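Below, each chain spelled out in residue letters.
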Amino acid sequence: MNPDPIAPACLSTPGVILVDVREPDDSPPAPPGDPLPGAARTVDLQVRLLDQNDRQAAANRTWLRERGIRAVNLVSSPGSGKTTLLERTLDALAGEVRCAVLVGDLETDNDARRLRREGLPVAQITTGGTCHLDAAMIARGLEALPLEGVRLLFIENVGNLVCPASFDLGENRRVTLLSCAEGEDKPLKYPPIFTSAHAVILNKIDVAAVLGFDRAAALANIHRVAPQAEVLELSARTREGLDRWLDYLRALL
Amino acid sequence: MHELGIAESALDLALDQARQAGATRVLRLVLRVGALSGVDPEALQFAFTAVLPGTAAEGASVQIDAVPAVAYCPDCQRDFSPDTHLFFECPVCGRVCGAIKQGRELDLVRLELI
């Protein structure tokens, strides 16, 4: 039995740092009784609710720059291949570029376990239900990771094609994955995550024919919604097209 | 989908303001939510029912004002309202444009305190 009901359900794994960002409930109790009529006052605020996140993201960006680290935020639906792409990428860059990984999921450290490599700092951020990573979670992850000598930080966001688009983490590049299995029209259905991307990876091209995937339509949709984004077609599984992605990463350094 | 976190942020801000103003309760929160903010007003309204109880804002009314999207075409130099908020194709010249003038708002604009 897990003695602490608040603690993450998964057990810690050697080599994987767990960062649990669930907040304790410390909200004050409500005072009793109904308010007196006519005694209320109005306060005009005009506060942006994402201001706090944006400030923290700017602080993360500065922190990383001062240490010579470039950060790449990988976003996509669940199951489009972020972890597999990272596995291939880390193996290909081993011995060439020192990397580190922050990986976010609602529960479990399964992804961090898959990404464990000799000498690779990797931390699992367990959001406990939150559907995206935010800048404060990244700040805590950065504190937990030994980043000496690291030049490239990968942030694997929570699998979700909606919410991560709204949250700047302080990354240098946002890379959105779209797998052939998801259909050609995802960029039209979920535009913010594409309009905010520096690059779009079209993954699983090895099975495109089997799925009847219309490549030209997908590329047209991506270009229509995100004309600014560089498009990389690859299969993380077979490594087809992986070299262009690796060159894209090398060019960031 | 992250409306719960947004509601918590708004509540934290409201409780801070109430403390600073020496108020004991928050009676009303007014928010402005843009069509492109990624936040669903109904889900946000529902999220408040989860976060307000047990706080000094318990029972407060929450007003969420929706802000429609407005885009701008630099070629035609005119504003247009995207008929869907999927992408921003100028109805005159057909240029797909990323210039959003309005619709990303996600603001806490007003509180009533006592």
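The rules behind each value
Residues numbered from 1 in each chain as written. Chains lettered and ligands numbered in written order. Predicted model: local features only at pLDDT ≥ 70, side-chain atom pairs only at ≥ 80, totals over all residues. Helix = DSSP H or I, 4+ residues; strand = E, 2+ residues; numbered from the N terminus. Rg over C-alpha atoms; globule rule 2.2 N^0.38 Å. Buried ≥ 20, exposed ≤ 12 C-beta atoms within 10 Å, placed from the backbone. Core = buried A, V, L, I, M, F, W, Y, C linked by C-beta atoms within 7 Å. Contact = placed C-beta atoms within 7 Å. Pairing = 2+ DSSP bridges. Nonpolar A, V, L, I, M, F, W, Y, C, P; charged D, E, K, R; others polar. Axes fitted to C-alpha atoms, helices over the stretch in contact; angles between N-to-C directions. Parallel < 35°, antiparallel > 145°, perpendicular 65-115°, else oblique. Left-handed = near helix turned anticlockwise from the far one by under 90°. pLDDT = per-residue confidence, 0-100.

Asker: What should I look at first to understand the overall build of chain B in this one?
Answerer: The helix and strand tally for chain B stands at 2 helices and 6 strands. Listed by position from the N terminus, the elements making up chain B come as α-β-α-β-β-β-β-β. For chain B, whose C-alpha radius of gyration is 17 Å, the value lies well above the compact-globule estimate of 13 Å for 114 residues. When its C-alpha atoms are laid out on the principal axes, chain B stretches across 55 × 25 × 15 Å. For chain B, the residues scored as buried account for 38% of the 114 residues in total.

Asker: What should I look at first to understand the nonpolar core in this one?
Answerer: Where a protein is soluble and globular, its nonpolar side chains tend to be buried together. Counting residues in each nonpolar core, the largest one holds 58 residues, and the members touching the most others are A:Val101, A:Leu153, A:Phe154, A:Ile155, A:Phe194 and A:Val200. Considering each element in turn, this core owes the most residues, 5 residues, to strand β4 (residues 99–105) of chain A. Every residue in contact with A:Val200, bar those within four places of it in the chain, is listed here: A:Thr176, A:Leu178, A:Phe194, A:Ile222, A:Ala226, A:Ala229 and A:Val231. B:Val39, B:Ala56, B:Ala60 and B:Leu106 belong to the second-largest nonpolar core, a separate cluster that totals 26 residues.

Asker: I tried to follow the pairing of strand β8 (residues 199–203) of chain A on my own but got confused; where do I start?
Answerer: As a general feature of sheets, a regular strand has side chains that alternate between the two faces. Residues and elements named next belong to chain A. Counting buried positions over the 5 residues of β8 gives 4, a clear majority of the element. Bridge count for strand β7 (residues 173–179) against β8 is 5 bridges, and the pairing is parallel. Residue pairing in the sheet places Val 175 in a bridge with Ala 199 of β8. In terms of strand pairing, β8 meets strand β9 (residues 230–233) through 4 bridges, oriented parallel. Across the sheet, Ile 201 pairs through a bridge with Leu 232, a residue of β9.

Asker: What is the right way to read the interface of chain A and chain B from this model?
Answerer: Size of an interface: often given as the accessible area lost when the parts come together. The interface of chain A with chain B comprises 34 residues on the first partner and 30 residues on the second. Broken down by secondary-structure element, the contributors of at least two residues to the side of chain A that touches chain B are β2 (41–48), α6 (191–195) and α8 (215–225) of chain A. No other element matches β2(A), which puts 8 residues into the side of chain A that touches chain B. Of the residues contributing to the side of chain A that touches chain B, the split by class is 21 nonpolar, 9 polar and 4 charged. Two strands pair when backbone bridges link them, and β2(A) and strand β6 (residues 106–113) of chain B are joined in this way by 6 bridges, in the antiparallel orientation. Counted as the bridge partner of A:Arg48 is B:Asp107 from β6(B).

Asker: Looking at this structure, I do not really get the environment of A:Asp206. What am I missing?
Answerer: Residue and element names in this part refer to chain A. Position of Asp 206 relative to the elements: it lies in the loop between β8 and α7 (208–211). On the basis of neighbour count, Asp 206 is assigned to the partly exposed category, with 16 C-beta atoms found within 10 Å. Residues Asp 206 and Cys 180, 26 residues apart in the sequence, show an inter-C-alpha distance of 9.0 Å. For Asp 206, the residues in contact, after removing those within four places along its chain, are Ser 235, Arg 237, Thr 238 and Glu 240.

Asker: Explanation requested: the sheet that holds strand β4 (residues 78–80) of chain B in the structure shown.
Answerer: Sheet strands pair via backbone hydrogen bonds, and the direction of the pair is either parallel or antiparallel. Residues and elements named next belong to chain B. Spatial strand order, β4-β3-β5: 3 strands in an open sheet with antiparallel pairing. A single partner strand is all that each edge strand has here, and the edge strands are β4 and β5 (100–102). When the angles between neighbouring strand axes are averaged without regard to direction, this sheet yields 35°. Two strands pair when backbone bridges link them, and strand β3 (residues 70–73) and β4 are joined in this way by 3 bridges, in the antiparallel orientation. When the sheet's bridge partners are listed, Ala 71 is paired in β4 with Phe 80.

Asker: Help me understand the environment of A:Glu182, please; the structure alone is not making it clear to me.
Answerer: Residues and elements named next belong to chain A. Mapping Glu 182 onto the fold places it in the loop between β7 and α5 (186–189). Along the chain, Glu 182 and Gly 79 lie 103 residues apart, while their C-alpha atoms are 9.4 Å from each other. Setting aside residues no more than four positions away along its own chain, Glu 182 makes contact with Ser 77 and Ser 80.

Asker: Please explain the packing of helix α1 (residues 3–20) of chain B against helix α2 (residues 41–51) of chain B as it appears in this structure.
Answerer: Describing two packed helices takes the angle between their axes plus the distance from one axis to the other. Residue and element names in this part refer to chain B. Running from N to C, α1 and α2 point in directions that differ by 60°, and their axes come no closer than 8 Å. Classed by the angle they form, the pair α1 and α2 counts as oblique. Viewed along their axes, α1 and α2 form a crossing whose handedness is right-handed. Only Ala 43, Leu 44, Ala 47, Phe 48, Ala 50 and Val 51 of α2 make contact with α1, whose side of the interface consists of Glu 3, Leu 4, Ile 6, Ala 7, Glu 8 and Leu 11. Taken together, the residues of the contact of α1 with α2 sort by class into 10 nonpolar, no polar and 2 charged.

Asker: What exactly am I supposed to notice about the confidence of the model for chain A here?
Answerer: Close reading of the predicted structure is inappropriate where its pLDDT is low. For chain A, the average pLDDT comes to 88, and 88% of its residues sit at 70 or higher. Of the regions scoring below 50 in pLDDT, residues 5–11 of chain A engages in 10 contacts with residues more than four places distant in sequence or in other chains.

Asker: Sorry, what's going on with the sheet that holds β4(A) here?
Answerer: Residue and element names in this part refer to chain A. Read from one edge to the other, the open sheet built from 8 strands follows the order β1-β5-β4-β6-β3-β7-β8-β9, with strand pairing classed as parallel. Looking at strand neighbours, the two that pair on one side only are β1 (17–20) and β9, the edges of this open sheet. Adjacent strand axes in the sheet meet at a mean angle of 20° when their direction is disregarded. As paired elements, strand β3 (residues 70–75) and β7 share 4 bridges and run parallel to each other. By the bridge assignment for β7, Val 75 is matched with Thr 176. Docked against the sheet, helix α9 (residues 242–250) engages β6 (152–156), β8 and β9, running at close to 145° with respect to β9.

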